Amino acid sequence: MGSRRRYIFLGLWLVFLMLPIYWLVMMSLKTNQEILSTFSLWPQNLTVDNYIKIFTDPTWYPGYINSTLYVLMNVVISLTVALPAAYAFSRYNFLGDKHLFFWLLTNIMAPPAVFLLPFFELYQSVGLYDTHIAVALAHTLFTVPLAVWILEGFMSGVPKEIDETAYLDGYSWPRFFITIFLPLIRSGVGVTAFFCFMFSWVELLLARTLTSTEAKPIAVTMTRTVSASGLDWGLLATAGVLTLVPGALVIWFVRKHIARGFALGRV
Amino acid sequence: MDKREYQWAWLMVLPVVLIVAFSAIMPLMTVVNYSVQDIFGPDSRFFVGTEWFKEVLRDPALHGALVRQIIFSAAVLFIQIPLGIGLALCMPKKGIGVSFALVLLALPLLVPWNVVGTIWQVFARPDVGLAGVTLNSLGLDYNYTGDSLDAWFTVLVMDVWHWTSLVILLCYAGLQAIPDAFYQAARIDGASRWAVFRYIELPKLKGVLLIAILLRFIFSFRIYAEPFVLTGGGPGNATTFLSQSLTTMAVGQFDLGPAAAFSLVYFLIILLFSYVFYLTILNMDREG
């Protein structure tokens, strides 16, 4: 394959990826009247009314704050518990380690639909229903095993001699782990945080079930508002565009590590 | 790498075990509990044994959903894996193009799953959508809300749009890890492009490809939000997959017993497939 033909193929693919997003952005800049009456590739009467509507309506932005809050909580919890565990898996043999690892992985595989009802009952019975921490905890079901899996991949890439030298030099484990080991797997930690963010941010079935008003995620606000007021295409598209922004920002920050990150440190 | 035997490592793993057990084992026990009982109210429940399992395994609606699910997952793997490898081979090796392409590729993966449905709804509607209007003006009779085949096609294209990037990124990372010396050796030997792919690139991609297949299988097998928003499982139940049948049963009709039995069967199917994948990965780690 000539390199020109390769780039054309790749370029066409990127165009295919961007077309639906382009259309979404265009729809958000049109009036409903224009959307329904004429068909055009770009807005005839450019309007930002839809954006103004969302930014000035106080029922909208708590959704963003809620989503951000539980996603951040989830990332912090996942990283805190997964870091020592991943170290243990990458460095030591212990009773039942392989089985434990597989058991953790099965939780990534479990369909959220299976846990819908039990989660609802569980969090209601412990009084956490409709709180941010409930959603964050529910999401740890798959983000924690994923974090352990990714971190273990990165940690296995660090030679064991480094640990041994540090211990010989009189470092305690916590001091070694924080001052020497963590900086070595910096990019791995970043990638893991990215993945926890990603899976917590895109998941909605559980987030929707575990919240009603106080911790309602943005994408749920979006669907509910839309179904309540009939189909307001312009507003729907605008809300859609706004949910893309955080994801796009995060990707931009981790772009240098994306490729290796998606291989979960296993190349 | 040989690891040291060290039982105290359990203490490092303990927080993970506790937090995942809270979210996984307790709910799972609730499900098992429901699956063998008939519940009328908080105080009147009866043990029914394997009744619900028999009912679920005989339910023709669920057979339909299972068949559709398997066809869908097979189609997803069949399209996305070769396409992903192909596109990864097209990626530039270095330069400013790389970051740009990577960011664009990763974008669909960061879209909340129900918004993916919304995007495609807006894009494919035959009255207001770019794709819908274009297809119809080309003389094709396309309407995904009315025609089962069109609905299937749309859901599949949507999934390809959403997830192929994952395969591309995995394969791209795998390709990056191949030392230049391999390619130079191949050039000296006068190897054809195909031979380079078959004997150098493909073997090196084995590891990441397994992860790609595993993740794509799992996520396609439990797909819910995207088709739910796009087609609502219709027309009829042409695009109703397992997760949606289950959610309808549990939340819509509140048939707790059968829903719980269904959950367990569903989970076991995924577990079985995944275990096979896991063993394969483990064996490969040992060899390579």
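Given the structure is predicted, the values throughout are model-derived calculations rather than measurements.

What counts as what
- Residues numbered from 1 in each chain as written.
- Chains lettered and ligands numbered in written order.
- Predicted model: local features only at pLDDT ≥ 70, side-chain atom pairs only at ≥ 80, totals over all residues.
- Heavy atoms only, no water.
- Helix = DSSP H or I, 4+ residues; strand = E, 2+ residues; numbered from the N terminus.
- Areas by Shrake-Rupley, 256 points an atom, 1.4 Å probe, with all protein chains shown as cover.
- Lys, Arg positive; Asp, Glu negative; His and termini not counted.
- Charge placed at Lys NZ, Arg CZ, Asp CG, Glu CD.
- Salt bridge = Lys/Arg side-chain N within 4 Å of Asp/Glu carboxyl O.
- Buried < 20%, exposed > 50% of the residue type's maximum accessible area, 1.4 Å probe, protein only.
- Core = buried A, V, L, I, M, F, W, Y, C linked by side-chain atoms within 4.5 Å.
- 1 Å grid on protein atoms, 1.4 Å probe; cavity = no way out; pocket = protein on both sides within 12 Å on 5 of 7 lines; lining within 4 Å.
- Points joined across faces, edges and corners; volume = space filled by probe spheres on them.
- Nonpolar A, V, L, I, M, F, W, Y, C, P; charged D, E, K, R; others polar.
- Patch = residues over 30% accessible without salt bridge, like charges linked within 9 Å, V, L, I, M, F, W, Y side chains within 5 Å.
- pLDDT = per-residue confidence, 0-100.
- Expected span 1.5 Å × (residues − 1).
- Phe/Tyr/Trp six-rings, centres within 6.5 Å; stacked < 30°, edge-to-face > 60°.
- Lys NZ or Arg CZ within 6 Å of the ring centre and 35° of its normal.
- Contact = heavy atoms within 4.5 Å.
- Buried area = accessible area lost by both parts, 1.4 Å probe.
- Polar contact = N/O pair within 3.5 Å; in protein donor to acceptor, adjacent residues only side chain to side chain.
- Axes fitted to C-alpha atoms, helices over the stretch in contact; angles between N-to-C directions.
- Parallel < 35°, antiparallel > 145°, perpendicular 65-115°, else oblique.

### Describing the overall build of chain B
Move 1: Along its length, chain B carries 12 helices and three strands.
Move 2: Expressed as lengths along the three principal axes of its C-alpha atoms, the size of chain B is roughly 80 × 70 × 30 Å.
Move 3: Of the roughly 13000 Å² that chain B leaves accessible, carbon and sulfur atoms contribute 67%.
Move 4: Considering chain B, the positive charge centre built from 17 side chains and the negative charge centre built from 19 side chains are found 11 Å apart.

### Side note on unusual backbone geometry
Glycine aside, residues mostly have negative phi, and peptide bonds are mostly found in the trans state.
Move 1: Positive phi is not limited to glycine here, since Asp130 of chain A has a value of about 65°.
Move 2: Mapped onto the elements, Asp130 of chain A comes out in the loop between helix H6 (112-125) and helix H7 (132-156).

### Brief notes about the pattern of salt bridges
Side chains that carry opposite charge are capable of pairing whenever their charged atoms lie near each other.
Move 1: One pass over the structure, following the stated rule, counts three salt bridges over all chains.
Move 2: The salt bridge partner of Asp163 of chain A is Arg91 of chain A, with a shortest N-O separation of 2.8 Å. One end of the pair, Asp163 of chain A, is in helix H8 (residues 160-168); the other, Arg91 of chain A, is in helix H4 (residues 61-91), with 72 residues separating them in the sequence. We note that Asp163 of chain A, like Arg91 of chain A, is buried.
Move 3: The partner of Asp159 of chain B in a salt bridge is Arg216 of chain B, and the shortest N-O contact between them spans 2.6 Å. Taken together, the positions of Asp159 of chain B in helix H7 (residues 148-176) and Arg216 of chain B in helix H9 (residues 193-221) put the pair 57 residues apart, joining distant regions of the chain.
Move 4: Arg216 of chain B gets classed as buried once you look at its relative accessible area, which sits at 1%.

### Side note on the nonpolar core
Move 1: Counting 193 residues, the largest nonpolar core has Val148, Trp149 and Met155 of chain A as the members making the most contacts within it.
Move 2: Ranked by residues supplied to this core, first place goes to H7 of chain A with 16 residues.

### Thoughts on the layout of surface pockets
Move 1: Reported here for the second largest pocket is a volume of approximately 350 Å³.
Move 2: Lining the second largest pocket are 18 residues, with Leu204 of chain A together with Asn114, Tyr224, Ala225 and Glu226 of chain B sitting closest to its centre.
Move 3: Looking at the lining of the second largest pocket, the elements that each hand over two or more residues are helix H11 (205-209) and helix H12 (218-228) of chain A together with helix H5 (113-124) and helix H10 (225-230) of chain B.
Move 4: Sort the elements by how many residues they give to the lining of the second largest pocket and H10 of chain B lands first, with four residues.
Move 5: Along the lines of polarity and charge, the residues of the lining of the second largest pocket split into 12 nonpolar, two polar and four charged.

### Examining a nonpolar patch on the surface
Move 1: On the surface, Val15, Leu19, Tyr22, Leu41 and Trp42 of chain A cluster together to form a nonpolar patch covering roughly 470 Å² of accessible area.
Move 2: Tracing the sequence through the fold places Tyr22 of chain A in helix H1 (residues 3-28).

### A short note on the confidence of the model for chain B
Move 1: Confidence along chain B averages 84 in pLDDT terms, with 96% of residues attaining 70 or more.
Move 2: When pLDDT is averaged over each element of chain B, helix H3 (residues 60-90) of chain B comes out on top at 91 and strand S3 (residues 45-47) of chain B at the bottom at 74.

### Considerations on empty space enclosed by the protein
Move 1: The full count for this structure, using the stated rule, is five cavities of 30 Å³ or more.
Move 2: Roughly 80 Å³ of internal volume is contained in the largest cavity.
Move 3: Mapped onto the lining of the largest cavity, the elements with two or more residues apiece are H6 of chain A together with helix H1 (9-35), helix H11 (242-252) and helix H12 (256-287) of chain B.
Move 4: No other element matches the five residues that H6 of chain A contributes to the lining of the largest cavity.
Move 5: Of the residues belonging to the lining of the largest cavity, the class tally is 12 nonpolar, one polar and no charged.

### Some words on H5 of chain B
In an α-helix, one full turn covers 3.6 residues, which means residues spaced three or four apart are oriented alike.
All names here are of chain B.
Move 1: Here H5 spans 17 Å end to end across 12 residues, near enough to the 16 Å set by a 1.5 Å rise per residue.
Move 2: Most of H5 sits inside the fold, with 12 of its 12 residues counted as buried.
Move 3: Within the sequence span of H5, burial applies to Trp113, Asn114, Val115, Val116, Gly117, Thr118, Ile119, Trp120, Gln121, Val122, Phe123 and Ala124.

### Some thoughts on the environment of Arg4 of chain A
Move 1: Structurally, Arg4 of chain A is set in helix H1.
Move 2: For Arg4 of chain A, a relative accessible area of 69% gives the class exposed.

### Some thoughts on the packing of aromatic side chains
Each aromatic ring pair is characterised by the separation of its centres together with the angle its planes make.
Move 1: Applying the stated criterion to the full structure yields 40 aromatic pairs over all chains.
Move 2: On the numbers, 6.1 Å between centres and 65° between planes, the contact of Trp113 of chain B with Trp163 of chain B is edge-to-face. Here the residue Trp113 of chain B occupies a position in helix H5, and Trp163 of chain B occupies one in helix H7, the gap between them amounting to 50 residues.
Move 3: What links up through ring pairs into an aromatic cluster is the set Tyr87, Tyr92, Tyr167, Trp173, Phe176, Phe177 and Phe181 of chain A together with Tyr6 of chain B.
Move 4: One cation-aromatic arrangement involves Arg6 of chain A over Tyr7 of chain A; the distance from NZ or CZ to the ring centre is 5.8 Å.

### Section: the interface of chain B and chain A
Move 1: The interface is formed by 98 residues belonging to chain B together with 98 residues belonging to chain A.
Move 2: Of the roughly 9100 Å² buried between chain B and chain A on both sides combined, carbon and sulfur atoms contribute 81%.
Move 3: Of all residues in chain B, Lys3, Met12 and Leu110 of chain B bury the most surface against chain A, accounting for 8% of the area lost on that side.
Move 4: Remark: the boundary between chain B and chain A carries zero salt bridges.
Move 5: Scanning the region where chain B abuts chain A turns up 11 residue pairs in polar contact (both at pLDDT 80 or more).
Move 6: For the side of chain B that touches chain A, the element with the most residues is H1 of chain B, which contributes 20 residues.
Move 7: Looking at side-chain class alone, the side of chain B that touches chain A contains 75 nonpolar, 16 polar and seven charged residues.

### Remarks on the packing of H6 of chain A against H1 of chain B
Move 1: For the pair H6 of chain A and H1 of chain B, the least separation of the axes is 9 Å and the interaxial angle reads 105°. Comparing the axis directions of H6 of chain A and H1 of chain B gives the class roughly perpendicular. Across the interface between the two elements, Val114, Phe115, Leu117, Pro118, Phe119, Glu121, Leu122 and Tyr123 of chain A from H6 of chain A touch Phe22, Ser23, Ala24, Met26, Pro27, Leu28, Thr30, Val31 and Tyr34 of chain B from H1 of chain B.
Move 2: The residue inventory of the contact of H6 of chain A with H1 of chain B, partitioned by class, reads 14 nonpolar, two polar and one charged.

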